[in-house]
Amino acid sequence: MIGFYQKTIKQEIQFRGVGLHNGKKVDMKLVPAAPNHGIVFKRTDLKTKNLIPAVFSNVSKAVLCTNIENEFGVSVSTIEHLMGALYGEEIDNLLVQINSSEVPAMDGSAKEFVSKIRKTGTKNYDTLRRFIKVLKKCELVKDNKFITIEPYENDLKVDFEIIYNNPLIGKQRKSVSLYKDDLNSVYNSRTFCLFEDIDKIKQQGLGKGGSLENAVVVKGNKIVNESGLRYRNEFVMHKILDCMGDLMLADHRILGKVRCSQGGHQLTNDLLRKFLSDSKYFSVVEFRESKLPKSTLYNGPVAVSA
């Protein structure tokens, strides 16, 4: 079972890289934060109105990546891999200082984020962590895609399925327990795209920083990258990483089961908006050693002023 107390990192961590979609060089620093701070991005290239709480209600776009935006229109995109790492490594409170509008892609996975977090270490506060406990099934169906969240005791299970009309990817399904399983293969799984979709992505003004160094490219039944795949099911495992990152935007960790078929960033965000808008679906609880969960009311994200 995941720990009962809130956690941050022991000291600052630096990253440098390129934005996958805007192609710009970016420096990013993870800074320890106090209890109940949550995960907040700070655009250091801007002097004012530059704080963006990482919560589901701040998601403004979710096409090929997750973009969050504050009330002043200041945004940061492609946050999902970092957020997935923070979910799995149990980081609740952090200030993410970033001098561009996009998180660095690194190698297209969460591998380096996790490696540096583990090397730096974490510290616990004596402030209890809150959990969102699923009480009733909530679901969304859009065309041939669906996502559901339902009760599941003392864990968050993500069951994800992808179906591609591609001989190499095909149909893949994987179920992962976020609080009990070894997540290294999820962290290490890279973003991917079909070779024939590259021009389409660039026509949308995206993928400017994409390369074989930060994405797996599939052409027919072959992998274009010389190193090949890290895992046979790397495709669906990366989708689970994305889903983890998007679920981190709930502002508290979830106790439940998520099942998704052919979904993505937008569908996960739509589910969170529906699920967290109606108290019949959930309660917020705290756990104490050797005690039953203590129910509390959900008050929404912690407000942060610029």
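Everything here concerns the structure above.
What you are looking at is a predicted structure, and each value in this text was computed from that prediction instead of being measured.

K.L.:
Where do I start with the overall build of the protein in this structure?
P.N.:
Helix and strand content of the protein: 6 helices and 21 strands. Taken over the C-alpha trace, the protein has a radius of gyration of 18 Å; the compact-globule value for 306 residues is 19 Å, and the two agree within 12%. Dimensions of the protein, computed from the C-alpha atoms along their principal axes, are close to 55 × 45 × 35 Å. Taken over 306 residues, the protein has a buried fraction of 55%. Here the contacts in the protein between residues at least 6 apart in sequence split such that 73% fall between residues at least 24 apart. Carbon and sulfur atoms make up 46% of the accessible area of the protein, which amounts to about 14,000 Å² in all. Looking at the protein, you have 46 positive and 35 negative side-chain charges, and the mean spots of the two groups are 1 Å apart.

K.L.:
Help me understand the pairing of strand β14 (residues 156-163), please; the structure alone is not making it clear to me.
P.N.:
Every other side chain in a regular strand lies on the same face of the sheet, so the side chains alternate between the two faces. Of all 8 residues in β14, 6 are buried; the element is thus mostly enclosed. Of the pairings in the sheet, the one linking β14 to strand β19 (residues 253-261) comprises 6 bridges and is parallel in character. Of the residues in β19, the one forming a bridge with glutamate 161 is serine 261. In terms of strand pairing, β14 meets strand β15 (residues 171-177) through 7 bridges, oriented antiparallel. Paired with valine 158 across the bridge in β15 is valine 176.

K.L.:
Can you walk me through the packing of helix α5 (residues 234-247) against helix α6 (residues 265-275) in this structure?
P.N.:
Packed helices, taken two at a time, are described by the angle their axes make and the gap between the axes. α6 packs onto α5 with a crossing angle of 35° between their chain directions and a minimal axis gap of 10 Å. Note on packing geometry: the crossing formed by α5 with α6 is right-handed. For the pair α5 and α6, the contacting residues are Asp242, Cys243, Asp246 and Leu247 in the first and His265, Thr268 and Leu272 in the second. Broken down by class, the residue content of the contact of α5 with α6 amounts to 3 nonpolar, 2 polar and 2 charged.

K.L.:
When you look at the sheet that holds strand β3 (residues 25-32) in this model, what are you seeing that I'm missing?
P.N.:
Here 5 strands make up an open sheet; going across it, the order is β2-β3-β9-β4-β5 and the pairing mixed. The two strands at the open ends of the sheet, each matched to only one other strand, are β2 (13-18) and β5 (51-53). Neighbour to neighbour, the strand axes of the sheet diverge by 20° on average, direction disregarded. Judged from the 3 bridges that link them, strand β4 (residues 39-43) and β5 form a sheet pairing that is antiparallel. Note that in β5 the partner of phenylalanine 41 across the bridge is isoleucine 52. Across the sheet, helix α1 (residues 80-88) is in contact with β3, β4 and β9 (94-98); its angle to β4 comes to roughly 145°. Contacts from helix α2 (residues 111-120) reach β2 and β3 within the one sheet, and its direction differs from that of β2 by about 165°.

K.L.:
Explanation requested: α1 in the structure shown.
P.N.:
Helical geometry: 3.6 residues make up each α-helical turn, so side chains three or four residues apart lie on a common side. The buried fraction of α1 amounts to 9 of the 9 residues, a majority that puts the element mostly inside the structure. What α1 keeps buried is the set Glu80, His81, Leu82, Met83, Gly84, Ala85, Leu86, Tyr87 and Gly88. One or two positions beyond α1, positive phi appears at glutamate 90, with a value near 65°.

K.L.:
What is the right way to read the sheet that holds strand β6 (residues 59-61) from this model?
P.N.:
Hydrogen bonds between backbone atoms are what pair the strands of a sheet, whose relative direction is either parallel or antiparallel. Read from one edge of the open sheet, 3 strands run β6-β7-β8, paired in antiparallel fashion. Unpaired on one side and paired on the other, β6 and β8 (75-77) mark the two borders of the sheet. Averaged over all pairs of adjacent strands, the angle between strand axes in this sheet comes to 35°, irrespective of strand direction. Pairing geometry for strand β7 (residues 67-69) and β8, over 3 bridges, is antiparallel. For glutamate 69, the partnering residue across the bridge sits in β8 and is serine 75.

Reading the values: the criteria
- Residues numbered from 1 in each chain as written.
- Predicted model: local features only at pLDDT ≥ 70, side-chain atom pairs only at ≥ 80, totals over all residues.
- Heavy atoms only, no water.
- Helix = DSSP H or I, 4+ residues; strand = E, 2+ residues; numbered from the N terminus.
- Rg over C-alpha atoms; globule rule 2.2 N^0.38 Å.
- Buried < 20%, exposed > 50% of the residue type's maximum accessible area, 1.4 Å probe, protein only.
- Contact = heavy atoms within 4.5 Å.
- Areas by Shrake-Rupley, 256 points an atom, 1.4 Å probe, with all protein chains shown as cover.
- Lys, Arg positive; Asp, Glu negative; His and termini not counted.
- Charge placed at Lys NZ, Arg CZ, Asp CG, Glu CD.
- Pairing = 2+ DSSP bridges.
- Axes fitted to C-alpha atoms, helices over the stretch in contact; angles between N-to-C directions.
- Left-handed = near helix turned anticlockwise from the far one by under 90°.
- Nonpolar A, V, L, I, M, F, W, Y, C, P; charged D, E, K, R; others polar.

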